[in-house]
Amino acid sequence: TYRDAERAYAALSESLAISRELGHAAGVAGTLVNIAQQRYWEGDYTCSHECLEEAVALQRQLGSKSGLAWALECRGYLAFREGEYASARAYLEESMALNAEIGLHIPNLWVRVKLAHTALRQGDAAARLLVCRADSGLRPHAGVRAGQRPPGELLPAPRGAADQASARRGARPVGNDPRLPLGAT
């Protein structure tokens, strides 16, 4: 509900302020990704974008490969939603390389699905096969239950006013990622 969303945003904002006050850069970066995800769900893509840009920069400074991979994946997810497919691909490919480097295989399955969908949106006919292969690799991990979408889809159904407007413009929301919405996948 709106009230819960506002409470969540207030709590995350307080956490961010405390992390900044303490000079805890990793806490700041992680909280920025969480705020970006929360604001994304509320349709505030501008705030989401700003938070992710800062989080990516902080994770680069910190040298945290796993934190950077997550922030890049989230940034790629948002770029995909905004129709910036070339940027989405670059962010997702960098995320996938970092995940592979540190041995995070499950997140890379989700990144591959997103990359395949991005290639498909860019007109790559071979991407249809990639989507099918990536999706089938995820099925054992996704656990589709009643009321869920199949794991081959990237994004949830429109929820906020911005998503509804996007849907009216023809942007087709796709997806069920059992993890956090901006690509904490």
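Since the model is a prediction, treat every value here as computed from it, not as a measurement.

## Details of the pattern of salt bridges
Here is step 1: Within this structure, the stated rule accounts for nine salt bridges.
Here is step 2: With a closest N to O distance of 2.7 Å, Glu 53 and Arg 75 form a salt bridge. Within this pair, whereas Glu 53 is found in helix α3 (residues 45-62), its partner Arg 75 is found in helix α4 (residues 65-81), the two being separated by 22 residues in sequence.
Here is step 3: Through salt bridges with shared partners, one network takes in Glu 53, Arg 75 and Glu 84.

## A closer look at the packing of α3 against α4
Here is step 1: Following both chains from N to C, one finds α3 and α4 inclined at 150°, their axes separated by 9 Å at the closest point. When the axes of α3 and α4 are compared, the pair comes out roughly antiparallel. Between α3 and α4 the crossing geometry is left-handed. Here Tyr 45, Ser 48, His 49, Leu 52, Glu 53, Ala 55, Val 56, Gln 59 and Arg 60 of α3 come into contact with α4, specifically with Gly 67, Leu 68, Ala 71, Leu 72, Cys 74, Arg 75, Leu 78 and Arg 81.
Here is step 2: Of the residues contributing to the contact of α3 with α4, the split by class is nine nonpolar, four polar and four charged.

Conventions we followed
Position labels on residues start from 1 in each chain and follow its written sequence. At least 70 in pLDDT is required for a residue's local features to be given in this predicted model, at least 80 for side-chain atom pairs to be given and counted, and no such filter applies to totals for whole chains, interfaces and linings, which use all residues. Excluding hydrogens and water, the side-chain figures rest on all heavy atoms present in the structure. Whenever Lys or Arg places a side-chain nitrogen within 4 Å of a carboxyl oxygen from Asp or Glu, that contact is recorded as a salt bridge. Numbering of helices and strands runs from the N terminus, with a helix taken as a DSSP run of H or I at least four residues long and a strand as a DSSP run of E at least two residues long. Under this scheme, a helix contributes an axis fitted over its contacting stretch, all axes are lines through C-alpha atoms, and angles between N-to-C directions fall in the 0 to 180 degree range. Reported orientations rely on four angle classes, namely roughly parallel under 35 degrees, roughly antiparallel over 145, roughly perpendicular from 65 to 115, and oblique for the rest. The hand of a helix crossing depends on one turn: near helix anticlockwise from the far one by less than a right angle means left-handed, and clockwise means right-handed. Every residue pair with non-hydrogen atoms within 4.5 Å of one another is taken to be in contact. Any residue outside Ala, Val, Leu, Ile, Met, Phe, Trp, Tyr, Cys, Pro, Asp, Glu, Lys and Arg is labelled polar, Gly included; the first ten of those are nonpolar and the last four are charged.

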